[in-house]
Amino acid sequence: MEVKSIKEVNEEAQAQLDIWKYVFSFTPMAVVKCAIEFQIADVLETHGRAMTNADLSAALGCSPSILHRIMSPVMLAPWHKLSSRALTNGASAFDAAHGKSLWEYTSENPAHNKQFNDAMASHARLAMSAIIDHYPETFKGIGSLVDVGGGDGTALRTLVKACPWIHGINFDLPHVANVALHSDGIEHVGGDMFEMVPKADIAFLMCIDILRKCREAIPKDTGKVIIAEAVIKEGEQDKYNYVRLALDMVMLANTEKGKERTIQEWEYVVNSAGFSRYTV
Ligand SMILES: C[S@@+](CC[C@H](N)C(=O)[O-])C[C@H]1O[C@@H](n2cnc3c(N)ncnc32)[C@H](O)[C@@H]1O
C-alpha cells in the first residue's frame with residue numbers, strides 16, 4: 001500500500017475541501033429562493049417579534065426538523081432558508097420536479113443513469129482513497145466486504161486495489177449493477193437493499209437507511225458495518241462544516257429521507273438498528 005506523508009494527505013484534504021465548496025456554492029441561493037417562497041420575512045414581520053423554530057414551522061405548515069436544517073446559520077449567513085410544497089408533503093424536490101424518485105428516473109434514463117453514476121464515482125474515488133489513507137487498520141484481515149449502494153463499483157475497485165486480499169461485492173439497484181464495469185476481485189449484485197443485502201464479513205455504506213438489513217447480512221459476533229458519512233457538528237464552526245451542511249441540502253433536495261446527521265442522530269439510528277457498540 002502506498003504510504004503518503006502527513007503533508008501530502010493534508011494538502012489533498014484541503015484541495016478536496018476547496019472543490020466541494022465550489023461544487024456547492026449554489027446552495028445558499030437555493031436556500032434564499034426557498035425563504036422567498038415561504039415568505040419568511042413577511043411571517044416574521046407579521047408576528048412582530050422573534051419566533052422559535054417550532055412556531056415558525058407551525059406558521060409555515062412545514063416540518064420543524066427540515067426547517068431547522070434549512071435555517072442552519074452557517075448555510076444562511078446573510079439570508080434565510082428553503083422549502084417547497086413538495087418538501088412539506090414529505091416528497092423530495094426531485095420528485096416534485098420530475099414526478100418520480102431519483103432512482104426511478106435513473107432507471108428509466110440510461111444517459112442520466114450514466115451521468116449520475118459517473119458523478120458518484122468521482123466522489124467514491126476521493127472518499128475511498130481518503131478512508132484507506134486515514135484508517136488502513138480498518139481493512140486488515142477482512143475476507144469479504146459488501147458495498148451497499150456501491151454505484152458502479154469505483155469505491156470497491158479503489159479498495160481492492162489497495163487491499164487485494166478483500167473479496168468485494170458491489171451491491172446496487174439492478175439498472176446500476178448491470179452496467180458496472182467488470183473488475184477482478186469484485187462481483188456486482190443487483191437488488192433492493194430494503195429487501196436483502198448480500199452476505200459478507202463487513203457491510204460498507206456511503207449512503208444509509210438500511211442498517212437493520214446490513215446487520216442481518218454480517219456475522220453476528222464478528223461482523224462490522226463501516227459507515228462513511230458526514231457527522232454534522234451543531235454549534236461548531238470547523239472548516240468542514242460548510243461542506244457537511246451543503247451535503248445535507250443536497251440530500252434534502254434529491255432524496256425523500258436522506259440527510260446528514262449529528263452524533264446524537266447517528267446514535268439513535270445505530271441503536272435502533274440493534275447495534276450495541278459503535279466507534280466514530
Ligand atoms: C448517493 S449514491 C452513493 C454511491 C456511492 N456509494 C458513493 O458514495 O459514491 C446512492 C446509491 O444507492 C443506490 N440505491 C438507491 N436505492 C437503492 C436500493 N433500494 N437498493 C440498492 N441500491 C440503492 C443508488 O443507485 C446509488 O448508486
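For clarity, every value in this text was computed on a predicted model and none was experimentally measured. (Residues numbered from 1 in each chain as written. Predicted model: local features only at pLDDT ≥ 70, side-chain atom pairs only at ≥ 80, totals over all residues. Heavy atoms only, no water.)

1. Quick notes on the confidence of the model for the protein chain
In step 1: Per-residue pLDDT for the protein chain has a mean of 82; in total, 89% of the residues score no lower than 70.
In step 2: Low pLDDT, under 50, characterises residues 73-82; the predicted model gives this stretch 44 contacts beyond four residues in sequence or across chains. (pLDDT = per-residue confidence, 0-100. Contact = heavy atoms within 4.5 Å.)

2. Observations regarding helix H11 (residues 154-162)
In step 1: Inspection of H11 places Thr-154, Ala-155, Leu-156, Thr-158, Leu-159 and Val-160 among the buried residues, and these make up the whole buried set.
In step 2: Among the structural elements, helix H10 (110-134), strand S1 (144-148), strand S2 (167-172) and strand S3 (186-190) are those in contact with the buried residues of H11. (Buried < 20%, exposed > 50% of the residue type's maximum accessible area, 1.4 Å probe, protein only. Helix = DSSP H or I, 4+ residues; strand = E, 2+ residues; numbered from the N terminus.)

3. Brief notes about the site of the ligand
In step 1: Taken together, 15 residues are adjacent to the ligand, and His-123, Gly-149, Asp-172, Asp-192 and Met-193 come closest.
In step 2: Gly-149 has a polar backbone atom sitting 2.7 Å from a nitrogen atom of the ligand.
In step 3: In isolation the ligand exposes 600 Å². Once the protein is present, 92% of that is buried.
In step 4: Take the shell around the ligand: its biggest share by element is 3 residues, from H10.
In step 5: Residues of the shell around the ligand, tallied by class, amount to 9 nonpolar, 4 polar and 2 charged. (Near = heavy atom within 4 Å. Polar contact = N/O pair within 3.5 Å; in protein donor to acceptor, adjacent residues only side chain to side chain. Areas by Shrake-Rupley, 256 points an atom, 1.4 Å probe, with all protein chains shown as cover. Nonpolar A, V, L, I, M, F, W, Y, C, P; charged D, E, K, R; others polar.)

4. Re unusual backbone geometry
In step 1: The phi angle at Gln-39 is positive, at roughly 55°, despite the residue not being glycine.
In step 2: The topology assignment puts Gln-39 in the loop between helix H2 (27-38) and helix H3 (40-47).

5. Some details on the packing of aromatic side chains
In step 1: Within this structure, the stated rule accounts for 1 aromatic pair.
In step 2: Pairing Trp-103 with Phe-116 gives two aromatic rings, centres 5.5 Å apart and planes at 80°, and the pair type is edge-to-face. With Trp-103 in helix H9 (residues 102-108) and Phe-116 in helix H10, the pair connects residues that are 13 residues apart, well separated along the chain.
In step 3: Lying over the aromatic face of Phe-275, Arg-215 brings its terminal NZ or CZ to 5.8 Å of the ring centre.
In step 4: The ring of Trp-266 has Arg-261 lying over it, and the distance from NZ or CZ to the ring centre is 5.3 Å. (Phe/Tyr/Trp six-rings, centres within 6.5 Å; stacked < 30°, edge-to-face > 60°. Lys NZ or Arg CZ within 6 Å of the ring centre and 35° of its normal.)

6. Details of the pattern of salt bridges
In step 1: Inspection of every chain in the model, using the stated rule, returns 6 salt bridges.
In step 2: Between Lys-7 and Glu-11 there is a salt bridge, with the nearest N and O atoms lying 3.0 Å from each other. Placement of both Lys-7 and Glu-11 in helix H1 (residues 6-23) is noted, with a separation of 4 residues, approximately one turn of the helix.
In step 3: Lys-7 sits in the exposed class, given a relative accessible area of 57%. (Salt bridge = Lys/Arg side-chain N within 4 Å of Asp/Glu carboxyl O.)

7. A closer look at the side chain of Glu-260
In step 1: As for its position among the elements, Glu-260 is in the loop between helix H14 (241-254) and strand S7 (261-262).
In step 2: Notably, Glu-260 is buried but unbridged: the nearest opposite-charge side chain belongs to Arg-261, and the N-O separation is 6.5 Å.
In step 3: Beyond its immediate stretch of four places on either side in the chain, Glu-260 contacts Glu-229, Ala-230, Ile-232, Arg-244, Leu-247, Asp-248, Met-251 and Glu-265. (Lys, Arg positive; Asp, Glu negative; His and termini not counted.)

8. What about a nonpolar patch on the surface?
In step 1: The grouping of Ile-263, Tyr-278 and Val-280 at the surface amounts to a nonpolar patch, some 290 Å² of accessible area in total.
In step 2: Turning to its location among the elements, Ile-263 is positioned in helix H15 (residues 263-272).
In step 3: Relative accessible area serves as the criterion here: at 30%, Ile-263 is assigned to the partly exposed category. (Patch = residues over 30% accessible without salt bridge, like charges linked within 9 Å, V, L, I, M, F, W, Y side chains within 5 Å.)

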